[in-house]
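Close look at the chain arrangement
These are the residues of each chain, in order.
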Amino acid sequence: MIKITIDGQEVSVAPGTTLLAAAEFVGAHVPTLCNSDRLESFGACRVCMVDVAGRGPVASCHTLAYDGMVVKTSTAQISRLRKNIIELVVSEHPLECLTCAVNNRCELQTVAAEVGLREMRYDEVKIDKPLVDDSHPFLTLDMDKCIKCARCVRVCDEVQGSFILAMEGRGPDHKVIAGNDTGLAEAKCASCGACAVECPVGAIIDKGTQSAGIPEKIIKTTCAYCAVGCGLDVHVRDDKVLRIEPSIDGSANRGHTCVKGRFAHEYARAKDRLVSPMMRDETGELVDVSWDKALQFVADELTRIRGEFGPAGFAAISSSRCTNEDNYLAQKFTRTVMNTNSIDNCSRVCHSPSALGLGRSLGTGAGTNSFDDVEHTKCILLVGANPTEAHPVYGARIKQAVLGGAKLIVLDPRQTELARLADVHIQLNPGSNVAIVNAMQKILIEEGLIDRAFIDEYCEGEEELLAQVADVNIADYCDIGKVDEGLLREAVRLYAASGTAMVLWGLGVTEGAHGTKTVHGLINLALLTGNIGRLGTGTNPIRGQNNVQGASDVGALPNVFSDYRPVTDPVARREHHAIWGVEPPDNKGLRIPDMFDEALAGTLKCMWITAEDVAQSDPNTEHVEAALRALDLLIVQEIFMTPTAELADVVFPGVTFLEKDGTFVNSDRRIQRIRQALEPLPGTLADSAIYQEVALRMGADLGLGTPPLASDVMDEIASLSPMWGGVSYERLEELGFLQWPCRDSDDPGTAIVHENGNFMRGKALLYPIPFAAPAELPCDEYPLFLTTGRQLFHYNVGT
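Quick look at the structure, then.

Each value, and the rule that gives it
- Residues numbered from 1 in each chain as written.
- Predicted model: local features only at pLDDT ≥ 70, side-chain atom pairs only at ≥ 80, totals over all residues.
- Heavy atoms only, no water.
- Helix = DSSP H or I, 4+ residues; strand = E, 2+ residues; numbered from the N terminus.
- Rg over C-alpha atoms; globule rule 2.2 N^0.38 Å.
- Buried < 20%, exposed > 50% of the residue type's maximum accessible area, 1.4 Å probe, protein only.
- Pairing = 2+ DSSP bridges.
- Axes fitted to C-alpha atoms, helices over the stretch in contact; angles between N-to-C directions.
- Arc of directions from axis to C-beta.
- Contact = heavy atoms within 4.5 Å.
- Phe/Tyr/Trp six-rings, centres within 6.5 Å; stacked < 30°, edge-to-face > 60°.
- Expected span 1.5 Å × (residues − 1).
- Parallel < 35°, antiparallel > 145°, perpendicular 65-115°, else oblique.
- Left-handed = near helix turned anticlockwise from the far one by under 90°.
- Nonpolar A, V, L, I, M, F, W, Y, C, P; charged D, E, K, R; others polar.

Concerning the overall build of the chain
Helix and strand counts for the chain come out as 29 helices and 29 strands. Whereas a compact globule of 799 residues would reach a radius of gyration of roughly 28 Å, the chain reaches 29 Å, a difference of no more than 12%. Its C-alpha atoms give the chain principal-axis dimensions of about 90 × 70 × 60 Å. The 799 residues of the chain split such that 58% are buried.

The following block contains the structure:
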């Protein structure tokens, strides 16, 4: 530490500390315009000047402290200089404050008031007023208001990594341009809105702000799109969203967000929202009915089906779109009221292979490390994922890590943005994942690139793995994948030699027919090289939807309770019996594919589907639709009339994430709050309240209030989930988030699981993955290989 004196106060700071940061540390306010906590120091505006003894005025944002330095943050000379700088800036700035969209939120206004600027000594600079760029669907550029701070340019470079903004010209003609001065619409803008967040004036604003005005309240919540779990600030007035901005203190996004989280919120008040329960009339048409009629009909029918057909007659699908509390109550209703384990969620379609592989090999079905680790790794192995489009905020952090020197290996049939940035791109043939990962294991072993000490101390199953890998012919497997063997060897050496490497994978791995095998193979790569249980290492699925992790965590699966406790575990069964008041069911629950098969077989009579559009998103559409039509009763809980809802006998109108309280779990096990920002539309009801209302009409009670209180539901989850034992709303409000495992109220949560070789299953399991050919291959009649993928401006099934 070094000692400096600021305004007569001695303070110790770390070497490399800027004078601006040191001043803030002692509580001295220094005004700035071009500075941002998220960006590198720039020193463009000079408003932040302070006086250093022996040197005079310096820009505090990029002047580093040294031992013995004496600093004054405000002197007569400094005040005069700051005022003069602001006067010069204002002389080139249109004085249209009352009609400006950022009036009362403008940093130039604030600093002008701070320095006491009340009148101008300079004539207004006469230049041709630049045209307003209104070509972008979400953003407007008005360079007449630009103050040349370059914060928009820098955030596009340093945070988003798109590099589409730049400064052009000199003097009064100095301005920000997009692309080759072609305008934002043609510049391949990612529409993250970071430039508008950083702009201190109104030069770049989102179009919703232009007529939005000042909100009555700002509600902090968590994004309901992908599983990054970005913190959002929802600006509300008259029960409408004026705009959404990224929370500066959002733990997963650090003040950044993507086009979906920032701008795609109008669905919450869309005119085609479902706002009344619906039932089939005598002609077979879905018509609006009262809540009481729909609830009583469902209760009577479920009672009949339970009595006539027992556990085999009912199954439920809950939703990764919904909260942990909603999902917990869905599985509690299924198990306590309908007496069956037939509850599943959409992770069956996407990341159930991740959960199975991670659980079997390491002891828990979740990613091992945090998003932050991408900034501490030396090598990233990215397999079957396109984060810059599917998870844009995390994708931007990966880009920044690579631009900062981390090595990147991409296994993907497509030329994605990150593939173009990669040190090695293995453009494998679709469906050849198992072959290529097997070849990579063989190369590691054959070339002696394994971590012998780590394997001996922390792993088991090596003999079985070696026996399987011995039969691998690298050349043949490379031929299957249409991969150059030399390039594959280069990738394996790069991964093994880095010392700190992490594996990330997405739906390109898990939506294949042999997804679980590939997951095991990727985990094997990490275990063989000792790249697990440390900062910057690990094996991490990048999960798709906002709460696909949480829906499984809280027991919306047929074989486990919350916390992945097997439904056959006698201890878990006793504990659930004690709290639920009923004996948990012991039948073998149906998975989603089994549900469709049993419906067509006539065994399954009723399905209750919440916020999942299986008729559009699940494979083999004709099979799925036929199964849904074969049911005696299909109940769908939705916010829009989806293709699945169109097939329902009863439709319950639910609410959006903006209209409820609860929690989500993101892809790195981060439990975060969502908070109600809007009142539910008249005629709608929260998902958890619907389960409770039906339960009450069936003579049961889910036991957590009517309607259930989200915080009480979380308390019950924690009481039945050892790895969530320290989770409560009080702690989430205090700490912002908790990463499970979090076992008690003194546990701060766990950023890295299996740290230092302490695997949850005892020793990690090296799991053999014998080659299996793709389930479907192109042929003369069907010559194309169709694969899944997400685009930046499109989400899932389009709902």
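Picking up where we left off.
Things to note about the pairing of strand E7 (residues 165–168)
With four bridges connecting them, E7 and strand E8 (residues 175–178) associate as antiparallel partners. Its bridge partner lying in E8, Leu 165 is registered against Ala 178.

As for the sheet that holds strand E10 (residues 217–222)
What links the strands of a sheet is backbone hydrogen bonding, and the strands pair in either a parallel or an antiparallel sense. Across the sheet, three strands lie side by side as E10-E11-E12; this open sheet has antiparallel pairing. Strand pairing shows two members of the sheet lacking a second neighbour, E10 and strand E12 (240–246), which therefore form its edges. On average, each strand axis in the sheet is inclined to that of its neighbour by 30°, with strand direction left out of account. When E10 meets strand E11 (residues 231–237), the two strands line up antiparallel, connected through six bridges. Its bridge partner being in E11, Lys 220 is matched across the sheet by Asp 233.

As for helix H16 (residues 462–469)
Restricting attention to buried positions, one finds in H16 the residues Glu 462, Leu 465, Gln 468 and Val 469. Taken around the axis of H16, the buried residues stretch over an arc of 130°, which confines them to a single face. Its buried side turned inward, H16 meets helix H14 (433–446), helix H15 (452–458), strand E20 (459–460) and helix H20 (515–529).

Looking at the packing of aromatic side chains
Summed over the entire model, instances satisfying the criterion amount to 12 aromatic pairs. A centroid spacing of 4.7 Å and a plane angle of 5° characterise the contact between Phe 138 and Phe 263, whose relative ring orientation is stacked. With Phe 138 in the loop between helix H3 (107–115) and strand E6 (139–141) and Phe 263 in helix H7 (residues 259–263), this residue pair connects regions lying 125 residues apart in the sequence. Phe 138 gets classed as partly exposed once you look at its relative accessible area, which sits at 25%. Taking the relative accessible area as the measure of exposure, Phe 263 reaches 13% and is therefore buried. Considering the side-chain rings of Phe 454 and Phe 759, the 6.4 Å spacing of their centres and the 85° angle between planes classify their relative orientation as edge-to-face. Note that Phe 454 is positioned in helix H15 and Phe 759 in the loop between strand E28 (738–739) and strand E29 (764–765), a separation of 305 residues in sequence. Neither residue differs from the other here; Phe 454 and Phe 759 are each classed as buried.

Description of helix H2 (residues 76–91)
Between its terminal C-alpha atoms H2 stretches 23 Å, which fits the 22 Å expected from 16 residues at 1.5 Å a residue. Regarding H2, the residues found buried are Ile 78, Arg 82, Ile 85, Ile 86, Glu 87, Val 90 and Ser 91. Contact partners of the buried residues in H2: strand E3 (49–52), strand E4 (56–59) and H3.

Some remarks on the environment of Asn 473
Note on placement: Asn 473 falls in the loop between H16 and helix H17 (474–481). Exposure remark for Asn 473: the relative accessible area of 36% places this residue in the partly exposed category. Between the C-alpha atom of Asn 473 and that of Glu 40, which follows or precedes it by 433 residues, the distance is 50 Å.

Some thoughts on the packing of H14 against H20
Viewed as axis vectors pointing N to C, H14 and H20 meet at an angle of 15°, and their least axial separation amounts to 9 Å. Classified by the angle their axes make, H14 and H20 are roughly parallel. Our pair here, H14 against H20, has a crossing hand that is left-handed. Residues Asn 433, Val 434, Val 437, Met 440, Gln 441 and Leu 444 of H14 pack against Lys 517, Thr 518, Gly 521, Leu 522, Asn 524, Leu 525, Leu 528 and Thr 529 of H20. Across the contact of H14 with H20, the residue classes break down as seven nonpolar, six polar and one charged.

Here we look at unusual backbone geometry
Note the cis peptide between Thr 706 and Pro 707, where omega equals -5°. The residue Pro 707 is located in the loop between helix H27 (687–697) and helix H28 (710–720) in this model. For the bond from Trp 740 to Pro 741, the omega torsion is 5°, close enough to zero to count as cis. Looking at the secondary structure, you find Pro 741 in the loop between E28 and E29. The phi dihedral of Arg 46 falls on the positive side, at around 65°, and the residue is not glycine.

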